Amino acid sequence: MPEMPTKLAEIVEEFAAAPRDVVLEMLLEYADVIPPLPPGVDRDGMEQVPECQTSFFLRAEVNPDRTVSTIFDCPPEAPTTRAFAGILAEGLDGASPEQVLAVPDDLYQRMGLAQAISPLRVRGGTAILARLKRQVREQAG
């Protein structure tokens, strides 16, 4: 049975082991990980995640070499949501479709974020992951 990518597992462990009072600070460091949209890509070809309080768009692509690419578009004034996407962007980089689909749905709870941020934000992050996995599942066939 495939496991989630090593890089993502390491991020999860790092958060789970961190003292509660630094978790939010650690999370926000990931807000800067999101690269700008690649040239020629705009929100038209992306899926909106309405569960997020801000306008958040994503796209997952299964490449010919069976790796998954992620594209996220999220405004800078939503640092928590950007951070969720940053964790996924970094943790899933170069992952196979099987590894992406093996990511547990309660990822953010496992990281200890449920105590650090509002349930509404956790729900948004969970929705981002669910939509990403659905797109990968549809393309991986």
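Model, not experiment: these values are computed from the prediction.

(A) Layout of a negative patch on the surface. On the surface, E10, E13, E14, D21, E25, E29 and D32 cluster together into a negatively charged patch. Elements with a minimum of two residues in the negative patch: helix 1 (6-17) and helix 2 (20-29). Mapped onto the fold, E29 is located in helix 2. What makes E29 exposed here is its relative accessible area of 55%.

(B) Broad picture of unusual backbone geometry. Unlike most non-glycine residues, R66 shows phi in positive territory, near 65 degrees. Tracing the sequence through the fold places R66 in the loop between strand 2 (57-62) and strand 3 (68-73). The partly exposed category is assigned to R66, whose relative accessible area is 37%.

(C) Spatial organisation of the packing of aromatic side chains. Scanning all chains against the criterion turns up 3 aromatic pairs. Between F56 and F72, the aromatic rings sit 5.9 Å apart at their centres with planes inclined by 45 degrees, giving tilted as the arrangement. Here F56, found in the loop between strand 1 (47-48) and strand 2, pairs with F72, found in strand 3; they are 16 residues apart in sequence, far enough to count as distant. With relative accessibility at 5%, the residue F72 sits in the buried group.

What counts and how
Residues numbered from 1 in each chain as written. Predicted model: local features only at pLDDT ≥ 70, side-chain atom pairs only at ≥ 80, totals over all residues. Heavy atoms only, no water. Patch = residues over 30% accessible without salt bridge, like charges linked within 9 Å, V, L, I, M, F, W, Y side chains within 5 Å. Areas by Shrake-Rupley, 256 points an atom, 1.4 Å probe, with all protein chains shown as cover. Salt bridge = Lys/Arg side-chain N within 4 Å of Asp/Glu carboxyl O. Lys, Arg positive; Asp, Glu negative; His and termini not counted. Charge placed at Lys NZ, Arg CZ, Asp CG, Glu CD. Helix = DSSP H or I, 4+ residues; strand = E, 2+ residues; numbered from the N terminus. Buried < 20%, exposed > 50% of the residue type's maximum accessible area, 1.4 Å probe, protein only. Phe/Tyr/Trp six-rings, centres within 6.5 Å; stacked < 30°, edge-to-face > 60°.

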